[in-house]
Amino acid sequence: ESSPSSGTPADPELVGVTVVIHRAPAELPTFVGLDEQDAVALAKDFGIVVDVLEVLATDGSTRDSVTAQEPAAGSPFAPAVSLTLTRRPAVRYLNELELIVWDGVGYPSVNAPFDHDYDATVGVGGQNYSRSLSTNPKGTETAFYDFRRGRTCQWFNAFVGIDPLAYTGSVLRFEVYADGQLIDGGGVELGLGGSHEFTLPVSGVNRLQVRTTQVGYGDGPDKTDVDGYWGAAQVLGFPSMVPPPGG
């Protein structure tokens, strides 16, 4: 920039012109850790064009922030940078979604009949989880819930385990199906005291089904009466895309 500015009529009494030259910094600044607003402001200050890729947090993050940049901070200055913006997800518990069908066997064992206000608290792996589903396959039957969740969520998450009061030797198989197909990594067998966390991709899936089947039996008189728990079963997505409760 200059003072006077370019195009100003010449002044015969002017004795000098001040010229300020802005030079680009030698290295790229650090964007990682900034929220979206601060990252955009920093890019503007440095005259950098940014390309933003949005991804969904699956680690319980509570704020939106830049988690990666390319080229990296400290690299030779470049006029354009790609940023990964990790957004905190919006959560919908399965019992907030539209229930399409349930099998008549896997009824909510704590508070039947099932409805969208159902809010059981179950113990899995030494932790208590609210907003949970309970299934009882009654021996050889498969207990399941089938939900319509739209095609707008990206992840399914739940903590699964069996009733700690079940007989030793009881084993349940927990499975997650997307539009009728078992999700890769969506099956696990657990015995007494066992637990497992499912974190599964469900982008583009319309119908989500959770199944529980008994595959091992204890030695007590009620060996087929074993509850399987889906602790805090939920779907996660971008806040602007997830369906409202009951939708």
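Worth saying up front: this structure is predicted, and the values here are computed from it rather than measured.

Enquirer: Kindly report on unusual backbone geometry, identifying the contributing residues and their values.
Expert: Working note: non-glycine residues mostly have negative phi, and peptide bonds are mostly trans. The omega angle of the peptide bond from Glu70 to Pro71 is 0 degrees, so this bond is cis rather than trans. Structurally, Pro71 is set in the loop between β4 (65-70) and β5 (80-87). Here the phi dihedral of Arg131 falls at roughly 55 degrees; this positive angle occurs in a residue that is not glycine. Summarising the element assignment, Arg131 is placed in strand β9 (residues 127-135). Classification of Arg131 as partly exposed rests on a relative accessible area of 22%.

Enquirer: Tell me about the sheet that holds β5, residues and numbers included.
Expert: In spatial order, the strands read β3-β5-β4; together these three strands make up an open sheet with mixed pairing. The sheet is open, and its two edges are formed by β3 (49-56) and β4, each paired on a single side. Taking the axes of each pair of neighbouring strands and ignoring which way they run, one obtains an average angle of 25 degrees across the sheet. Relative to β5, β3 runs parallel, the two being bridged by eight bridges.

Enquirer: Residues and numbers for the nonpolar core, please.
Expert: Counting 28 residues, the largest nonpolar core has Leu94, Phe156, Phe174, Val176, Phe198 and Trp230 as its most contacted members. Of all the elements in the fold, those that place two or more residues in this core are β10 (142-148), β11 (155-162), β12 (171-178), β13 (181-191), β14 (195-201), β15 (207-216) and β16 (228-237). Not counting residues within four places of it along the chain, the set of residues in contact with Phe198 comprises Phe156, Asn157, Ala158, Val160, Phe174, Val176, Gly185, Gly186, Gly187, Val188 and Trp230. Counting eleven residues, the second-largest nonpolar core is a separate cluster that includes Leu28, Leu42, Ile48 and Val81.

Enquirer: Can you explain the environment of Arg148? Please cite residues and give values.
Expert: You can see Arg148 is positioned in strand β10. By relative accessible area, Arg148 is classed as partly exposed at 32%. For the pair formed by Arg148 and Ile100, sequence separation is 48 residues and the distance between their alpha carbons is 6.3 Å.

Quick notes on the rules
- Residues numbered from 1 in each chain as written.
- Predicted model: local features only at pLDDT ≥ 70, side-chain atom pairs only at ≥ 80, totals over all residues.
- Heavy atoms only, no water.
- Helix = DSSP H or I, 4+ residues; strand = E, 2+ residues; numbered from the N terminus.
- Buried < 20%, exposed > 50% of the residue type's maximum accessible area, 1.4 Å probe, protein only.
- Pairing = 2+ DSSP bridges.
- Axes fitted to C-alpha atoms, helices over the stretch in contact; angles between N-to-C directions.
- Core = buried A, V, L, I, M, F, W, Y, C linked by side-chain atoms within 4.5 Å.
- Contact = heavy atoms within 4.5 Å.

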